[in-house]
Amino acid sequence: QGPRLLGPCLRAAPTMAPKPQMCFVCRVAPVKYRFPCCRERYCSAACYRVHSAQGCASRPAAGPPPKRPREEAKPEEEEDLISEVRLCALRGHQGVREALRSEAFCDVLRALDVVRDRRAALEELLEKDAYFAGFVDHMTEAIDYVASQ
């Protein structure tokens with residue numbers, strides 16, 4: 001008597017094979033693959049092309065990603081901006097660098113940063129503070145030097 005593989009209650013009963021899942025696109029053929037975008041199943045390259053052409057509901061529409069709205073510069077601000085080249089010239093200018101090493105001068109700049117009317121505060125500093133006026137002269141010199149190259 002050989003080994004019993006199935007007990008009396010576990011005899012193999014005739015089972016029905018599960019019904020194959022049908023293609024998400026054509027709904028006729030059995031599935032073989034999954035779309036990477038939505039993980040739905042499909043049967044063929046033709047169905048893949050149809051799905052790709054129609055666009056998948058689970059992914060955003062094809063095309064460039066939406067852009068952030070651009071902040072519009074005010075006309076008066078455009079003339080106040082300086083180029084990156086000029087900023088580099090300012091960073092490298094010895095007079096500007098020496099002024100920025102001074103803690104007292106940095107305190108003046110920090111105070112200027114929180115003033116409500118900066119233009120008026122700048123004009124007052126230019127009139128009353130010789131060190132600040134010298135700093136502005138160094139900045140102007142650095143920018144003119146780059147502009148004349």
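Our structure's up above, just so we're on the same page.
Note that the coordinates shown come from a computational prediction; the quantities given were computed from them, not determined experimentally.

### Observations regarding the packing of helix α4 (residues 94-101) against helix α5 (residues 103-113)
Part 1 of the reasoning: Remark: α4 packs on α5, axes separated minimally by 5 Å, with the N-to-C direction vectors making an angle of 85°. In terms of axis orientation, α4 runs roughly perpendicular to α5. Facing α4, whose interface residues are Ala99, Leu100 and Arg101, α5 presents Glu103, Phe105, Cys106 and Leu109.
Part 2 of the reasoning: Taken together, the residues of the contact of α4 with α5 break down into 5 nonpolar, no polar and 2 charged.

### Re unusual backbone geometry
Part 1 of the reasoning: The phi dihedral of Arg27 is positive, around 60°, even though this residue is not glycine.
Part 2 of the reasoning: Secondary-structure assignment places Arg27 in the segment before β1 (33-34).
Part 3 of the reasoning: A positive phi angle, near 70°, is found at Arg39, a position not held by glycine.
Part 4 of the reasoning: Following the sequence through the fold, Arg39 ends up in the loop between β1 and β2 (41-42).

Reading the values: rules and limits
Residues numbered from 1 in each chain as written. Predicted model: local features only at pLDDT ≥ 70, side-chain atom pairs only at ≥ 80, totals over all residues. Heavy atoms only, no water. Axes fitted to C-alpha atoms, helices over the stretch in contact; angles between N-to-C directions. Helix = DSSP H or I, 4+ residues; strand = E, 2+ residues; numbered from the N terminus. Parallel < 35°, antiparallel > 145°, perpendicular 65-115°, else oblique. Contact = heavy atoms within 4.5 Å. Nonpolar A, V, L, I, M, F, W, Y, C, P; charged D, E, K, R; others polar.

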